[in-house]
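# Structural features, examined
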Amino acid sequence: QSVLTQPPSVSAAPGQKVTISCSGSSSNIGNNYVSWYQQLPGTAPKLLIYENNKRPSGIPDRFSGSKSGTSATLGITGLQTGDEADYYCGTWDSSLSAESVVFGGGTKLTVL
Amino acid sequence: QLQLQESGPGLVKPSETLSLTCTVSGGSISSSSYYWGWIRQPPGKGLEWIGSIYYSGSTYYNPSLKSRVTISVDTSKNQFSLKLSSVTAADTAVYYCARLIGAGTIRIWGQGTMVTVSS
């Protein structure tokens, strides 16, 4: 059971737009920055979005992030077959009992 | 360009200690303001943060693994290490080392190394 909740899968056609949600609580998303990671099959994850909506150099502006309250959203426009991957949200969790990095369970994106 | 490379045994026996090393190239592990960490991913499953160490030596561990985990830094070798004791089959996973920006953002990932716990 992951601390952050993501849909197990999403799908859309090439060229379309898709969004992936990430739900948490006040101890994590509500008071900390959210990051998003892309994991292509058989490879290590890669940072896509950090500090809710910033893109590292080299990440195309087809990828965007937003946060509202205790939820965050990753958006991908102009879908390409090469975008098929698992996507994970992550953040810092600072509850009363402990602090840790937490992730969502991951969302598998299928480009039909 | 900073690169991270994990190394260590690919097979560990149950109840023994898993030991992995991450070698950092293209930059200094002593650079200020960075955390260095370990994340794992069981086969077919999601990501689990194991712990992080700040360049100053402060450590932060996943509460569920804290009693079994030790992360340390060797600045002379530009490496940091993971030790996970009393392993079971549930510890079988791909282990990634990483550099974090801030406490919660994993900026650079190693390629990962598969560790199997089996007798």
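Residues numbered from 1 in each chain as written. Chains lettered and ligands numbered in written order. Predicted model: local features only at pLDDT ≥ 70, side-chain atom pairs only at ≥ 80, totals over all residues. Heavy atoms only, no water.

Across its full length, chain A holds 0 helices and 9 strands. Across chain A, helices and strands are ordered from the amino to the carboxyl terminus as β-β-β-β-β-β-β-β-β. Computed over C-alpha atoms, the radius of gyration of chain A comes to 14 Å, within 12% of the 13 Å expected from 2.2 N^0.38 for 112 residues, which places it in the range of a compact globule. With the C-alpha coordinates of chain A rotated into their principal frame, the extents come out at 45 × 25 × 25 Å. (Helix = DSSP H or I, 4+ residues; strand = E, 2+ residues; numbered from the N terminus. Rg over C-alpha atoms; globule rule 2.2 N^0.38 Å.)

Formed by 26 residues in total, the largest nonpolar core has its most connected members in B:Leu18, B:Trp38, B:Leu82 and B:Tyr95. Among the secondary structure elements, those contributing two or more residues to this core are strand E3 (18–25), strand E4 (34–41), strand E5 (48–54), strand E7 (69–74), strand E8 (79–84), strand E9 (93–101) and strand E11 (113–117) of chain B. No other element matches E3(B), which puts 4 residues into this core. For B:Tyr95, the contacting residues outside a window of four places in its chain are B:Glu6, B:Leu18, B:Leu20, B:Ile39, B:Arg40, B:Ile50, B:Leu82, B:Leu84, B:Gly112, B:Thr113 and B:Val115. Counting residues in hydrophobic clusters, the runner-up holds 23 residues, among them A:Leu4, A:Val18, A:Ile49 and A:Ala72. (Core = buried A, V, L, I, M, F, W, Y, C linked by side-chain atoms within 4.5 Å. Buried < 20%, exposed > 50% of the residue type's maximum accessible area, 1.4 Å probe, protein only. Contact = heavy atoms within 4.5 Å.)

Let's shift gears to the state of the cysteines. Using the criterion set out here, one finds 2 disulfides over all chains in the structure. With a sulfur-sulfur separation of 2.0 Å, A:Cys22 is cross-linked through a disulfide to A:Cys89. Since a negative S-S torsion denotes a left-handed disulfide, the A:Cys22-A:Cys89 link at about 75 degrees is right-handed. One end of the pair, A:Cys22, is in strand E2 (residues 18–23); the other, A:Cys89, is in strand E7 (residues 85–94), and 67 residues separate them in sequence. Here B:Cys22 pairs with B:Cys97 through a disulfide, and the sulfurs are 2.1 Å apart. A torsion of 55 degrees about the S-S bond marks the disulfide between B:Cys22 and B:Cys97 as right-handed. Taken together, the positions of B:Cys22 in strand E3 and B:Cys97 in strand E9 put the pair 75 residues apart, joining distant regions of the chain. Here B:Cys22 and B:Cys97 have matching classes, each one buried. (Disulfide = S-S within 2.5 Å.)

Residue and element names in this part refer to chain B. Taking strand neighbours across the sheet as the criterion, the 4 strands line up as E1-E3-E8-E7 in an open arrangement whose pairing is antiparallel. Of all the strands in the sheet, just strand E1 (3–7) and E7 have a single pairing partner and so form its edges. Ignoring strand direction, the axes of neighbouring strands in this sheet form an average angle of 20 degrees. The pairing of E7 with E8 spans 6 bridges and is classified as antiparallel. Note that in E8 the partner of Thr-70 across the bridge is Lys-83. (Pairing = 2+ DSSP bridges. Axes fitted to C-alpha atoms, helices over the stretch in contact; angles between N-to-C directions.)

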